[in-house]
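Observations on chain architecture
Chain residues, written in single-letter form:
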2 protein chains.
Amino acid sequence: MNYFRAEFFDVYMSYHNNILLDKLHGVPTDRPPVWVMRQAGRILPGYRQIRKSVSGFKELVKSPDLIAEVTLEPLHELGVDAPILFSDILVIPEAMGVDYDIIEKQGPKFPNPITSPADIDRLVYGEDVLDRLDYVFESITKTKARLSGSNPLIGFAGAPWTLFAYMIEGSGSKTFAKARRFLYEHPKDSHRLMSRISSATTAYVKQKIASGADVIQLFDSWSGMLSRAQYQEFCLPYISAIMEAIEGTPRIFFPKGAWSSIPDFGDVPMEAIGVDWRTPASYVREHLGEDLVIQGNMDPAFLYSDPDAIQSEVARISKDMGNQHIFNLGHGVYPDTDANHVKAMVQAVKSLG
Amino acid sequence: MNYFRAEFFDVYMSYHNNILLDKLHGVPTDRPPVWVMRQAGRILPGYRQIRKSVSGFKELVKSPDLIAEVTLEPLHELGVDAPILFSDILVIPEAMGVDYDIIEKQGPKFPNPITSPADIDRLVYGEDVLDRLDYVFESITKTKARLSGSNPLIGFAGAPWTLFAYMIEGSGSKTFAKARRFLYEHPKDSHRLMSRISSATTAYVKQKIASGADVIQLFDSWSGMLSRAQYQEFCLPYISAIMEAIEGTPRIFFPKGAWSSIPDFGDVPMEAIGVDWRTPASYVREHLGEDLVIQGNMDPAFLYSDPDAIQSEVARISKDMGNQHIFNLGHGVYPDTDANHVKAMVQAVKSLG
């Protein structure tokens, strides 16, 4: 318990619902806390209405009042234990000077991706990115004000490799071959770029915490693209540095698909690890011990089943995961999911224990 | 050795280069055999010229003389130990009555995918698909004639789940959520569809062997989408049935990304398992023993490195994989790879041992 800062401890004790923080803090809880990746989004009617009222996804991301609205909707609509600030991992590349657009049904496109080591020179990094991210911090302040002490707020960022992958590939990809080519062709410059992304991300998550985020989750969405050796060389040192810099705030690391690196995660400073629906708890426990909290790992496609089946699956997963567990999906909720099924899942978790 | 049919044994002994069959047959070899997934394709100049001479990818797939040409090009251009018949896993859905197009830079699109259990009724399956696949068998005959006993020929098919995923999703996908939804919403009909795909695939690979294919590889490209429990229920019985039906011919199973199911593969009848570049040999050996041949697993992005680095990586992988090993990439070669680098990899393997 002593590794949390005292001032944080006081804040967390004041929340009406602090089961998520209890779990991350090592305090026993009588059921797992529950929230849902992408809970604030297309599955909810309020979100869809707000999304229609703006010109595009990026306008929404930069509108603090709307962000607060969208962030808080899942609290009353789904009954989750904590909201996660609605945002985008790509705000960091943009703040560093690599702009992007979101194309409907296609995803992100970067008109000027990084194509050579010289492109790294022009990037903004470290605390210099913060001015360009004021809208995020203002969104946190507004969300916290409306929460008025009812629940803690989760903030997030992309892990450096995932941002590196987008900044070089210039879009989503099945293989991220351009980004991986860069690692092999320019190993030193790859470290330089990872280092700049990390310094920007560190400044960003620190400022998120200063603005009121109570928990930070790092998403490494494309970690599954790399071999264990490359993940060790190009990713782990930067993830550890970011996590180290925010010690005192509960940290969740979600290295999607990086199963072969799980044995290496014992040295990453964190309170919880997120795992997808293909990752058995036993495998994580074998390599990372009994104490680390595991977050996940219901298959988001399971929510297409009927509510009775969902209730049984919740019970099965909860039994499998054991006590050190935050209930969540193993991936963001799919956009065509019936919100009532998500609610059934949340209710099933809440009736456990 | 006794599990190979005698008539097959006679054929295989007659090849000039039979190192691949030796390895799959349990006969010691002084170096690993080597071939490359997608070796016959865009990295080679002859292929690109032939591709330009036809109206589309599907016309090429249905032109036996061109197929023979394209299939054999990597033998002399890259020096691999065996050719793999150029084809497409989606010829089976098409023969079953679910037609598709290949859209440039997008991939396959199915104008009439399976959207309900009733759609399964109209499918052609079992041996009834064979008439519609004559062009594949003719391609094998022509390729074998031109090989005139120099090397064995690899044939392949998609595993049932991967074909199921395309037939329901109607295209490629990051999540295959529609196909996975079908599994949860219609489990019985999912088994019925898997069973029909399996019967068609079994008839198909048997006829491929009868036409002259010496080795069969089953690609389960989307196996990594499913949890271990779903893979056990919906996939393994069908894969085992297909493999069982062609006992006597060497079988390679490539379950891409299905790492959590590796402990279950001990019961699948096969001579070799393909693994991607994220899968350590030690993990496979731990679960499947020392005898099974492992195929793979160089990162295709490593081929962007210079030839000296490629040579070192070949030596490292070969040492890691041990003796029961077929050298290959852990995924199809990327289309922008320099063919000279692939050649350097092949030469490095050939100079081992």
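Look up: the structure comes first, before these words.
All figures in this text were calculated on a predicted structure; none of them were measured in a lab.

The rules behind these values
- Residues numbered from 1 in each chain as written.
- Chains lettered and ligands numbered in written order.
- Predicted model: local features only at pLDDT ≥ 70, side-chain atom pairs only at ≥ 80, totals over all residues.
- Heavy atoms only, no water.
- 1 Å grid on protein atoms, 1.4 Å probe; cavity = no way out; pocket = protein on both sides within 12 Å on 5 of 7 lines; lining within 4 Å.
- Points joined across faces, edges and corners; volume = space filled by probe spheres on them.
- Helix = DSSP H or I, 4+ residues; strand = E, 2+ residues; numbered from the N terminus.
- Nonpolar A, V, L, I, M, F, W, Y, C, P; charged D, E, K, R; others polar.
- Contact = heavy atoms within 4.5 Å.
- Buried area = accessible area lost by both parts, 1.4 Å probe.
- Salt bridge = Lys/Arg side-chain N within 4 Å of Asp/Glu carboxyl O.
- Polar contact = N/O pair within 3.5 Å; in protein donor to acceptor, adjacent residues only side chain to side chain.
- Pairing = 2+ DSSP bridges.
- Axes fitted to C-alpha atoms, helices over the stretch in contact; angles between N-to-C directions.
- Phe/Tyr/Trp six-rings, centres within 6.5 Å; stacked < 30°, edge-to-face > 60°.
- Lys NZ or Arg CZ within 6 Å of the ring centre and 35° of its normal.
- Buried < 20%, exposed > 50% of the residue type's maximum accessible area, 1.4 Å probe, protein only.
- Left-handed = near helix turned anticlockwise from the far one by under 90°.

Now for the layout of surface pockets. Taken as a whole, the second largest pocket holds about 750 Å³ of empty space. Taken together, 37 residues form the lining of the second largest pocket, with R278, T279 and P280 of chain A together with R228 and S260 of chain B sitting closest to its centre. Secondary structure elements with two or more residues in the lining of the second largest pocket: α14 (281-288) and α15 (307-321) of chain A together with α10 (177-185), α12 (228-234) and α14 (281-288) of chain B. Here the lining of the second largest pocket is composed, by residue class, of 17 nonpolar, 10 polar and 10 charged.

The next point concerns the interface of chain A and chain B. Contacts between the two partners involve 28 residues from chain A, matched on the other side by 28 residues from chain B. Between chain A and chain B, the buried area comes to about 2,500 Å², and carbon and sulfur atoms account for 59% of it. Here chain A and chain B share 4 salt bridges between them. Ionic pairing is found between D336 of chain B and R181 of chain A, a salt bridge with its closest N-O pair at 3.3 Å. There are 14 residue pairs in polar contact (both at pLDDT 80 or more) connecting chain A and chain B. Ranked by residues supplied to the side of chain A that touches chain B, first place goes to helix α10 (residues 177-185) of chain A with 5 residues.

This paragraph deals with the sheet that holds strand β7 (residues 293-298) of chain B. All names here are of chain B. Across the sheet, which stays open at both edges, the 6 strands sit in the order β3-β4-β5-β6-β7-β8 with parallel pairing between neighbours. Each having just a single partner strand, β3 (154-158) and β8 (325-329) make up the two edges of the open sheet. Ignoring strand direction, the axes of neighbouring strands in this sheet form an average angle of 25°. Sheet analysis places β3 next to strand β4 (residues 215-220), joined by 5 bridges and oriented parallel. Note on β4: the bridge partner recorded for G155 is I216.

Let us look at the sheet that holds strand β6 (residues 272-274) of chain A. All names here are of chain A. Across the sheet, 6 strands lie side by side as β3-β4-β5-β6-β7-β8; this open sheet has parallel pairing. Either end of the sheet is taken by a strand with one partner, and the two such strands are β3 (154-158) and β8 (325-329). Between one strand axis and the next, the sheet turns by 25° as a mean value, whatever way the strands run. Sitting on the sheet, helix α11 (residues 187-211) is in contact with β3 and β4 (215-220), with an inclination near 170° to β3.

Moving on, we get to the packing of aromatic side chains. Residues and elements named next belong to chain A. One pass over the structure, following the stated rule, counts 38 aromatic pairs over all chains. Grouped by ring-pair contacts, the aromatic residues Y100, F110, Y166, F176 and W222 constitute a single cluster. Positioned over the ring face of W222 is K256, at 5.3 Å from the centre of the ring.

Here G296 of chain A and N297 of chain A are connected by a cis peptide whose omega angle stands at -15°. Here N297 of chain A lies in strand β7 (residues 293-298). Phi at R38 of chain B takes a positive value of approximately 65°, unusual for a residue other than glycine. Take R38 of chain B: it is sitting in the loop between α2 (19-25) and α3 (45-53).

All names here are of chain A. Within the element layout of this structure, E313 appears in helix α15. We classify E313 as buried; its relative accessible area is 12%. Filtering out sequence-adjacent residues up to four positions away, E313 remains in contact with M298 and F302.

Residues and elements named next belong to chain B. In the contact formed by helix α9 (residues 160-169) and helix α11 (residues 187-211), the axes pass within 9 Å of each other and the chain directions differ by 115°. In this structure, α9 crosses over α11, and the sense of that crossing is right-handed. Facing α9, whose interface residues are P160, W161, L163, F164, M167 and I168, α11 presents S190, L193, M194, I197, S198 and T201. Tallied by class, residues from the contact of α9 with α11 come to 9 nonpolar, 3 polar and no charged.

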